[in-house]
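An overview of the molecular structure
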Amino acid sequence: MMTKEYILLWLEGPLQSWGCESKFGRRESLDFPTKSGVLGITLAAMGAGGCQSELLSILGPLGMQVFCFAEGANDRGLNEPINKLVDFQVIGNGYLDKDPWQTMLIPKTTDGKKAVGGGSKLTYRTYIQDMAYAVIMEVPADHAKWIADSLREPVWELSLGRKNCAPSEVIFQGRFGIQEDAKNKAIEIAKTKSRILTLSVYQNPPSKSHDIKVINDMPIQFGQEKSYRDRTVYLRYEN
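Everything numeric here is computed off the predicted structure, so don't read it as measured data.

This part covers helix H5 (residues 179-192). Its 14 residues give H5 an end-to-end C-alpha distance of 21 Å, which sits within 8% of 20 Å, the value for a rise of 1.5 Å per residue. Buried within H5 we find Ala182, Lys183, Ala186, Ile189 and Ala190. Projected down its long axis, H5 shows its buried positions confined to an angular sector of 120 degrees, all on one face. Exposed and facing more than 90 degrees away from the buried side of H5 are Lys191 and Thr192. The secondary structure elements touched by the buried residues of H5 are strand S1 (4-12), strand S4 (64-71), strand S7 (131-140), strand S8 (172-176), strand S9 (195-202) and strand S11 (227-237). Once H5 finishes, Ser194 follows within two positions and takes phi at roughly 55 degrees, a positive value.

Next comes the structure, spelled out in structure tokens:
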């Protein structure tokens, strides 16, 4: 039987975005970090590029709990929608097609040719504002030190869902042998920041009194040919 440990991540910043099943010009965000997003942070810290299907087959199926903390001083009720920002963008515009470097930034057709009418695209990007998330990630004990050390001193820059979403707090918050100890640490951090728990997201629920959501965020492989499968999560809204 696999021996497990728990890594506590604290995800907080002015903007976050956790996409799931978004395609083309409209990129939405879930209300909480996705499994693919959290594993993306982890692998970036480890400097693990490419498809990484073997490592994802080890880390992907293991448990992950997310606790969502809103600012305690706001006027919103606990069950009010999370504050989101929709950013309207035009991409691929203003580049010189005669410059080989700038040409690479202009969107093209699937076969690499120039798009009819130019390469500019209109997009909508959704961002979460004012939230902080404690993520308790279950990891194999023989990987725990490697992951913890990598998150302390990441190989690559870490971001909160998109590269323009910089964290405003240290992400790695500890390595634990017991999951409840990690949760207690998260609650302690939230209290120091005057934040209140609004939503808990479980991969393995402690009881049956939860809303159920199926999301396509379990990564099978990263890299150029990304692949995902569905994952069931259980949501508990705090009153």
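Past the structure itself, the notes keep going.
Here the focus is the nonpolar core. Within soluble globular proteins, side chains that are nonpolar tend to cluster in buried spots. Counting residues in hydrophobic clusters, the biggest one holds 45 residues, and the most contacted among them are Ile7, Leu11, Phe32, Tyr133 and Leu151. For Phe32, the residues in contact, after removing those within four places along its chain, are Trp18, Val66, Cys68, Tyr133, Leu199, Val201, Lys213, Ile215, Val233 and Leu235. By size, the runner-up hydrophobic cluster in this structure holds 14 residues, among which are Trp10, Phe69, Phe176 and Ile189.

Following the criterion strictly, the structure yields three aromatic pairs and no others. With centroids separated by 5.9 Å and ring planes inclined at 85 degrees, the aromatic side chains of Phe67 and Tyr202 adopt a geometry described as edge-to-face. Here Tyr202 lies in strand S9 and Phe67 lies in strand S4, a separation of 135 residues in the sequence. Taking the centre distance of 5.2 Å and the plane angle of 55 degrees together, the rings of Phe88 and Tyr124 count as tilted. With Phe88 in strand S5 (residues 84-91) and Tyr124 in strand S6 (residues 121-129), this pair connects stretches of sequence that are 36 residues apart. Positioned above the aromatic ring of Tyr127 is the side chain of Arg162, whose terminal nitrogen or guanidinium carbon lies 5.2 Å from the ring centre.

Reading across the sheet, the seven strands line up as S8-S1-S7-S4-S9-S11-S10 and stay open at both edges, with antiparallel pairing between neighbours. Strands with a single pairing partner mark the edges of an open sheet, and in this sheet they are S8 and strand S10 (211-221). Shown here is a sheet whose adjacent strand axes are inclined to one another by a mean of 25 degrees, direction ignored. Sheet analysis places S10 next to S11, joined by eight bridges and oriented antiparallel.

Next up on the list: a nonpolar patch on the surface. A contiguous nonpolar patch, built from Val86, Phe88, Val90, Leu122 and Tyr124 and spanning about 470 Å² of accessible area, is present on the exposed surface. Where the nonpolar patch is concerned, the elements lending two or more residues are S5 and S6. Top contributing element to the nonpolar patch by residue count: S5, with three residues. Residue position: Val86 is located in strand S5.

Under the criterion given, the structure shown has 11 salt bridges. Where Asp31 meets Lys84, a salt bridge forms, and the shortest distance between an N and an O atom there is 2.8 Å. Remark: Lys84 occurs in strand S5 and Asp31 occurs in the loop between strand S3 (26-27) and helix H1 (35-46); sequence separation between them is 53 residues. For Lys84, a relative accessible area of 33% gives the class partly exposed. Salt bridges linked by common partners bring Glu12, Glu169, Lys193 and Arg195 together as one network.

Here is what the cut-offs are and how they apply
Residues numbered from 1 in each chain as written. Predicted model: local features only at pLDDT ≥ 70, side-chain atom pairs only at ≥ 80, totals over all residues. Heavy atoms only, no water. Helix = DSSP H or I, 4+ residues; strand = E, 2+ residues; numbered from the N terminus. Expected span 1.5 Å × (residues − 1). Buried < 20%, exposed > 50% of the residue type's maximum accessible area, 1.4 Å probe, protein only. Arc of directions from axis to C-beta. Contact = heavy atoms within 4.5 Å. Core = buried A, V, L, I, M, F, W, Y, C linked by side-chain atoms within 4.5 Å. Phe/Tyr/Trp six-rings, centres within 6.5 Å; stacked < 30°, edge-to-face > 60°. Lys NZ or Arg CZ within 6 Å of the ring centre and 35° of its normal. Pairing = 2+ DSSP bridges. Axes fitted to C-alpha atoms, helices over the stretch in contact; angles between N-to-C directions. Patch = residues over 30% accessible without salt bridge, like charges linked within 9 Å, V, L, I, M, F, W, Y side chains within 5 Å. Areas by Shrake-Rupley, 256 points an atom, 1.4 Å probe, with all protein chains shown as cover. Salt bridge = Lys/Arg side-chain N within 4 Å of Asp/Glu carboxyl O.

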